[in-house]
Every structure is written in C-alpha cells, then in structure tokens.
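# Examining the three-dimensional arrangement
Residue-level listing of the chains:
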Amino acid sequence: MSETAEILTVVKMLETLPVLAGNRTSMKPNAIRPIAICVFQHNGHILAAENYDPVKQQVFYRPLGGAIEFGEYSAETLVRELQEELGAAVTGLHYLGTLENVFTFNGQLGHEIVIVYDGAFADRSLYGQASLDGAEDSGAPFRAVWLPLADCRLPAAPPVYPTGLLDLLEEELTQRR
C-alpha cells in the first residue's frame, strides 16, 4: 500500500471516531482520540514535551502535536498545532506511520490513534535551543526538550510515548541507511 493510500485509509477510519477538543491531557471517557505528532530530529536527538503523571508520579515525554479536528488532515493538524503552541512553522512533513496507544494518565484510561510524521522547523535557530517553551490551547505552559535518542531506551530513562514510537523511529532510521 502506498504512503498516500495508507494515510487516506487511516483518515477514513478516523472520520468515524468521536472528535475530542482540548489539550493533550484532556480525555473524554470511553472515546478514541485521533492525534498527529511530529518527530523533530537533530544530531541524534528528538524534540519532546515533558509531561508528568501525578498518579504514577512519573515524568514522561511525547513529541509535539495534538488532536485532529473534524475535516482537518493530520498534516494540517501539525502545521496548526505547532503554530498555536510554539509560534513555529513546520516544513518537510513526512509520514512515518500510525500507532495505536492505549494508556493510563492521571488514573484515567486513554486511547489514541496516533499519526506520526517526521518534520523540520522553518526557523533553524530553534535547533540551537536546549528547550522550547510553549502553551497548550488551554493556556497551560509546557516545555519541550531535545532528548538523546540513544538514551531513551536506558532502563532508568523516563518513557517516551506513544508506545511503539521508538521502534518506529529505529525502523525509519534503518530504512534510510
């Protein structure tokens, strides 16, 4: 199946799912949340928002992105979300794959269909910053940091979500070689 055909198949499936509004920490019970994320890579690092689950008392990381709005393609979601959250333009979006993420956050069960892209910042100076401060739609602040990809699988490393993302990135890197 071609990349375009796979994306269209996923988009058609997502059109049948309930659409959720809000930020990455708001979850509607018993609903699947379609989201898109962008993996920005630079010098062996990936950019990910730092999050904290108070129930698990655990720090975790997730690449930037957000909820796909009704009638919006996943690539358009990333352009919109990165502009809203960081005031940054994204270029060179390349579809990497789709992951299903069933998880518990803040004691609540969550379920996401995650469309994953690789992309680049139009403003190359963002790659020189150790961290980027942004704000969710709700106004809640967040910080994104550059994580060394090689360290993400260490036993003591905080998890990087969605589940399966690191495997997807390894597969993509292997195919590029």
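Check the entry above for the structure.
Notes on the structure follow. (Residues numbered from 1 in each chain as written. Predicted model: local features only at pLDDT ≥ 70, side-chain atom pairs only at ≥ 80, totals over all residues. Heavy atoms only, no water.)

This part is about the pairing of strand E1 (residues 33–42). Burial within E1 is extensive, with eight of its ten residues counted as buried. One ladder, built from eight bridges, connects E1 with strand E6 (residues 108–121); its direction is parallel. The residue of E6 that forms the bridge with Ile35 is Val114. As paired strands, E1 and strand E2 (residues 45–53) are joined by two bridges and run antiparallel to one another. Its bridge partner lying in E2, His42 is registered against His45. Where E1 folds back on E2, the antiparallel hairpin that results is connected by two residues, among which Asn43 adopts a positive phi of roughly 50°. (Buried < 20%, exposed > 50% of the residue type's maximum accessible area, 1.4 Å probe, protein only. Helix = DSSP H or I, 4+ residues; strand = E, 2+ residues; numbered from the N terminus. Pairing = 2+ DSSP bridges.)

This brings us to the environment of Asp137. Looking at the secondary structure, you find Asp137 in the loop between strand E7 (131–135) and strand E8 (141–148). Through-space distance from the C-alpha of Asp137 to that of Glu84 is 7.4 Å; in sequence the pair is 53 residues apart.

For the rest of this paragraph, the subject is the pattern of salt bridges. According to the stated counting rule, one finds eight salt bridges in the structure shown. Between Glu170 and Arg153 there is a salt bridge, and its shortest N-O distance comes to 2.7 Å. One end of the pair, Glu170, is in helix H3 (residues 165–176); the other, Arg153, is in the loop between E8 and H3, and 17 residues separate them in sequence. Residue Arg153 is classed as partly exposed on the basis of its relative accessible area of 44%. Residues joined in a network through salt bridges with shared partners are Glu69, Glu72, Arg80, Glu81 and Glu84. (Salt bridge = Lys/Arg side-chain N within 4 Å of Asp/Glu carboxyl O.)

These values are about where atoms sit, not about what they do.
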